[in-house]
Amino acid sequence: MKFRYTGLWLLLAVSLLIITAISFVDDIYIGSVKLKKSPIAENLTKEYKTTEEIQKQKEIALAKAEEKVKPLNIPVDSAPQSFLIFGDSMSQNIALRIAAYAKQNGHTLHTINWDSSGTRIWSRTDTLDYYIDKYKPTYIFVSLGGNEAYARNLDTYRDFVTKLLHKIGDIPFVWIGPPSLKEEHGFSDMLLETLPKGTFFRSDGLELARRKDKVHPTVEAAAYQIDSLVRWMKYSAHPILMDYPADSIAKTKISDTNITYLKPLH
């Protein structure tokens, strides 16, 4: 009788082992649905600190953040630029407004819109390498983070961002941060800490009207976001000529963005 439940306990042990193993791997999708993983891996690898250590860490992080957002006074590069915009589904509306600035200031533009993408997939594929080689951009706009805003294992995503920086190399760029979303766990803070000074524009402080999905900004809101970005770019690490578009060219079409749509991998 004492071995009556041996099989059941063995089954439970194997199930726990499988769940634990899965918790250590990257995001898992079934169709377009991302499975919610067990927090076992996070809890097992979590480093516990005293209250004093946590407070000191916060103070150091705040000091570094304040230093990173100080305005820079770098001369504006007035030469015509070849823009490359790449990112997730939010890149389309962003490109619409940047296209107007490109027309006004003599820049050219190509856009790569990869729905449901994030830093993980862009850093692990040669997609960005391909389009950089194809279009030879002199200035890059990155629109990533919206699909990863709820991520908790931020050190993993920090590695993805670092790999993307290696791909971009010494090409001047601006990373357009994701709009604010509920239950965000510090993804924008991680980007600010990881990216070079003067290359990250925070969007999570902007009040942006959303589409019916309550996630993507409307076309008008995206235009406001980019207008805010351009005002900030004067004090960025790579200021360029970005005069406000005249009324006659303020309205742009999708065709003006030279956009390429990539299919989601899930």
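Everything below is about the structure shown above.
Not measured: the values here are computed from a predicted model. (Residues numbered from 1 in each chain as written. Predicted model: local features only at pLDDT ≥ 70, side-chain atom pairs only at ≥ 80, totals over all residues. Heavy atoms only, no water.)

K.L.:
Which parts of the structure should I look at to understand unusual backbone geometry?
P.N.:
Leave glycine aside and you will find that most residues have negative phi; peptide bonds, for their part, are mostly trans. Positive phi values are uncommon outside glycine, yet serine 116 reaches one of about 65°. Classification of serine 116 as partly exposed rests on a relative accessible area of 35%. Located in the positive-phi region is asparagine 258, a residue other than glycine, with phi close to 45°. Tracing the sequence through the fold places asparagine 258 in the loop between helix H9 (219-233) and strand E8 (259-262). (Buried < 20%, exposed > 50% of the residue type's maximum accessible area, 1.4 Å probe, protein only. Helix = DSSP H or I, 4+ residues; strand = E, 2+ residues; numbered from the N terminus.)

K.L.:
How should I be thinking about the packing of helix H4 (residues 91-105) against H9 in this particular structure?
P.N.:
Working note: a packed helix pair is described by the angle between its axes plus the distance between those axes. The geometry of H4 relative to H9 is characterised by a closest axis approach of 8 Å and an angle of 55° between their N-to-C directions. Between H4 and H9, the angle falls in the class oblique. Crossing angle aside, the handedness with which H4 passes H9 is right-handed. Where H4 abuts H9, its residues Asn93, Ile94, Leu96, Arg97, Ile98 and Tyr101 lie against Val219, Ala222, Ala223, Gln225, Ile226, Asp227 and Val230. Within the contact of H4 with H9, the residues separate by chemical class into nine nonpolar, two polar and two charged. (Axes fitted to C-alpha atoms, helices over the stretch in contact; angles between N-to-C directions. Parallel < 35°, antiparallel > 145°, perpendicular 65-115°, else oblique. Left-handed = near helix turned anticlockwise from the far one by under 90°. Contact = heavy atoms within 4.5 Å. Nonpolar A, V, L, I, M, F, W, Y, C, P; charged D, E, K, R; others polar.)

K.L.:
Even after reading the chapter, I still don't get the pairing of strand E6 (residues 173-176), so can you show me in this structure?
P.N.:
The two faces of a sheet get side chains in turn, since along a regular strand they alternate between them. By the alternation rule, side chains of E6 split into Phe173 and Trp175 and Val174 and Ile176, which are all buried. As judged from the three bridges shared by strand E5 (residues 139-143) and E6, these two strands associate in the parallel manner. Along E6, the bridge assignment pairs valine 142 with tryptophan 175. Traced from E5 through helix H7 (residues 154-168) to E6, the parallel crossover comes out right-handed. (Pairing = 2+ DSSP bridges. Right-handed = clockwise from strand over helix to strand, strands pointing away.)

K.L.:
Could you clarify how one ought to interpret helix H6 (residues 127-135) in this entry?
P.N.:
Residues separated by three or four positions in an α-helix point in the same direction, a consequence of the helix having 3.6 residues per turn. Among the residues of H6, Thr127, Leu128, Tyr131, Ile132 and Tyr135 are the ones counted as buried. Around the axis of H6, the buried residues are gathered within 125° of arc, so they sit on the same side. Structurally, H6 contributes buried residues whose contacts are with strand E3 (82-87), strand E4 (108-114), helix H5 (119-124), E5, H7 and E8. One or two positions beyond H6, positive phi appears at lysine 136, with a value near 50°. (Arc of directions from axis to C-beta.)

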